[in-house]
Amino acid sequence: PPDWLRWLNPDAAALELPVPPETRGGRFAARRFVRAGAGPAERDVLRLRDGGARLAGGEPIWLATLARERCAMRWNLLTLCRDAPADAAAALAPALAGLARREAGGATLVGP
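Residue numbers here run from 1 along each chain, matching the order of that chain's written sequence. Local features are withheld for residues below a pLDDT of 70 in this predicted model, meaning they are given only at 70 or higher, and side-chain atom pairs are given and counted only at 80 or more; totals for whole chains, interfaces and linings count all residues. Computation of side-chain values covers all heavy atoms of the structure but excludes hydrogens and water.

Visitor: How should I be thinking about the side chain of Thr 65 in this particular structure?
Guide: Helix and strand definitions here come from DSSP, where helices need a minimum of 4 consecutive H or I residues and strands a minimum of 2 consecutive E residues; each element is numbered from the N-terminal end. Looking at the element boundaries, Thr 65 is found in strand E5 (residues 60-74). Judged by relative accessible area, Thr 65 falls into the buried class, the value being 18%. Within 3.5 Å is the distance limit for a polar contact, defined as a pair of N or O atoms, with the added protein rule that one can donate a hydrogen and the other accept it, and that residues adjacent in sequence qualify only through two side-chain atoms. One polar contact links Thr 65 to Arg 49, side chain to side chain, over a distance of 3.3 Å. Contacts are residue-level and defined by heavy atoms, with any inter-residue pair within 4.5 Å sufficient. If sequence neighbours within four positions are ignored, Thr 65 has contacts with Arg 24, Val 45, Leu 46, Arg 47 and Arg 49. Summary of the burial criterion: residues with accessible area below 20% of their type's maximum are buried, those above 50% are exposed, and those between are partly exposed, where the area comes from a 1.4 Å probe applied to protein chains only.

Visitor: Would you mind showing me how to read the pairing of strand E4 (residues 42-54) here?
Guide: Within a regular strand, side chains alternate between the sheet's two faces. Pairing between strand E3 (residues 31-36) and E4: six bridges, direction antiparallel. If you follow Arg 32 over to E4, its bridge partner there is Arg 47. Strands are treated as partners if at least two bridges between them are detected by DSSP. Hairpin connection from E3 to E4: five residues lie between these consecutive antiparallel strands. As paired strands, E4 and E5 are joined by 10 bridges and run antiparallel to one another. Opposite Asp 50, over in E5, you have Trp 62 as the bridge partner. In this structure, the hairpin formed by E4 and E5 is closed by a connection of five residues, where Gly 58 is found at a positive phi of approximately 95 degrees.

Interpretation note: all reported values are geometric properties and have no functional meaning in isolation.
Now the structure itself:
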């Protein structure tokens, strides 16, 4: 059966649900990685996009988005996942430990 049918299961754990495509700046994520969150209804999703710029050797500069998502049944029909509230950023901090961070336009930039 198609992956999208899992959204109809009211008892589906977050890791069992497909990660829908998302765009930022008109670019779809080239890679998506998912890991378990604090409970069965949470997951952490890392999305990587080609930033459109290249290093001298031609390698792309990748842009990453890390989000904690909470999944719940909506309208007694679908189990959908949404970004958790802004306080979830503190819960994701251990995943970013050891990386330098900068703020730019309200977003946190992580890198060397």
